[in-house]
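The primary structure of each chain is shown beneath.
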Amino acid sequence: MESNDALNHFTQGDKFNRYMNITRELMNQFSQLSGDLNPLHIDENYARGKGFAGKVVYGNVLGLLLSALVGMNLGYEQVMLVSQRIDFKHPVYIGDTIQLCATISAKSEAVRIIEFGLEFSSEKGIKVATGKCQVRCL
C-alpha cells in the first residue's frame, strides 16, 4: 500500500486499543535489558516500605505497549513513532492488565504526522497514565 493511502486512512477521532498483561517475567526481562535495578521495581519489601502495594512496574513498560500499538494495531506498516509523552497517574503492579486507548486528536497532511491522545487504564478502570504521541506516515 502506498504511503498516501496510509495517511488518508486515518481520521480525527479514530480509536485504537491494545492490552498488555504485566507479568513477573516481563518485569525481569525489562530489568535485565534496561539495567535498572531501582529497588522500587525489584524489592517487594522496599516498595511496601515506601507505601506501595508491591513492586512498582517500570514506567517505560507502558512505552512498550505504545510501541506495540503503533507497530501492530494501526493497520499499516508505513508508520513510525516520532515522539511520545507519558504522564504517570497511578502505579501499575505485576498481575495488572493495562489497556491503551489511543485516539487521533490531529492530523497534518503537510508533515504527514498523526497525533494521538493516550489513555492507559487498568482492568479495574483506574486511569494509570495519559499522554500524547506523534506518528509519521512514511
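These numbers were taken from a predicted model, which means no experiment stands behind them.

Right, let's talk about the pattern of salt bridges for a bit. Applying the stated rule across the entire model yields five salt bridges. The salt bridge partner of Glu119 is Lys127, with a shortest N-O separation of 3.5 Å. According to the relative accessible area criterion, Glu119 is partly exposed, its value standing at 34%.

It is worth spelling out the nonpolar core at this point. Among the nonpolar cores identified, the biggest contains 35 residues, and Leu74, Phe116 and Phe120 are the most heavily contacted of them. When contributions to this core are tallied by element, the ones reaching two or more residues are α1 (3-9), β1 (15-21), α2 (24-34), α5 (60-72), β2 (79-88), β3 (97-108), β4 (113-122) and β5 (127-137). If you tally residues by element for this core, the top one is α5, at six residues. Contact partners of Leu74, with chain neighbours within four places excluded, come to His9, Phe10, Phe16, Leu69, Val79, Phe116 and Val135.

In total, this model carries four aromatic pairs according to the counting rule given. Both rings, one in Phe10 and one in Tyr76, keep their centres 5.9 Å apart while their planes meet at 65°; by these two values the pair is edge-to-face. With a gap of 66 residues between them, Phe10 in the loop between α1 and β1 and Tyr76 in the loop between α5 and β2 connect regions that are remote in the sequence. Comparing Phe10 with Tyr76 shows no difference in burial state: the two are buried. Aromatic side chains Phe30 and Tyr58 sit 4.7 Å apart centroid to centroid with 35° between the ring planes, which places their arrangement in the tilted category. Taken as a pair, Phe30 in helix α2 and Tyr58 in the loop between α4 (44-49) and α5 lie far apart in primary sequence, 28 residues in all. The buried category is assigned to Phe30, whose relative accessible area is 14%. For Tyr58, a relative accessible area of 2% corresponds to the buried category. Pairwise contacts between aromatic rings join Phe10, Phe16, Tyr76 and Phe116 into one cluster.

Right, let's talk about the sheet that holds β2 for a bit. The five strands are arranged β1-β3-β4-β5-β2 in an open sheet whose pairing can be described as antiparallel. On the outer flanks of this sheet lie β1 and β2, each paired with one strand and no other. Neighbouring strand axes in the sheet, compared pairwise and without regard to direction, differ in orientation by 20° on average. Running at roughly 135° to β1, α5 makes contact with β1, β2, β3, β4 and β5 of the sheet.

Turning next to the environment of Ala129. Tracing the backbone through its elements, the reader meets Ala129 in strand β5. The residues contacting Ala129, other than those within four sequence positions of it, are Leu62, Ile86, Asp87, Phe88, Lys89, Leu118, Glu119 and Phe120.

Criteria and cut-off values
- Residues numbered from 1 in each chain as written.
- Predicted model: local features only at pLDDT ≥ 70, side-chain atom pairs only at ≥ 80, totals over all residues.
- Heavy atoms only, no water.
- Salt bridge = Lys/Arg side-chain N within 4 Å of Asp/Glu carboxyl O.
- Buried < 20%, exposed > 50% of the residue type's maximum accessible area, 1.4 Å probe, protein only.
- Core = buried A, V, L, I, M, F, W, Y, C linked by side-chain atoms within 4.5 Å.
- Helix = DSSP H or I, 4+ residues; strand = E, 2+ residues; numbered from the N terminus.
- Contact = heavy atoms within 4.5 Å.
- Phe/Tyr/Trp six-rings, centres within 6.5 Å; stacked < 30°, edge-to-face > 60°.
- Pairing = 2+ DSSP bridges.
- Axes fitted to C-alpha atoms, helices over the stretch in contact; angles between N-to-C directions.

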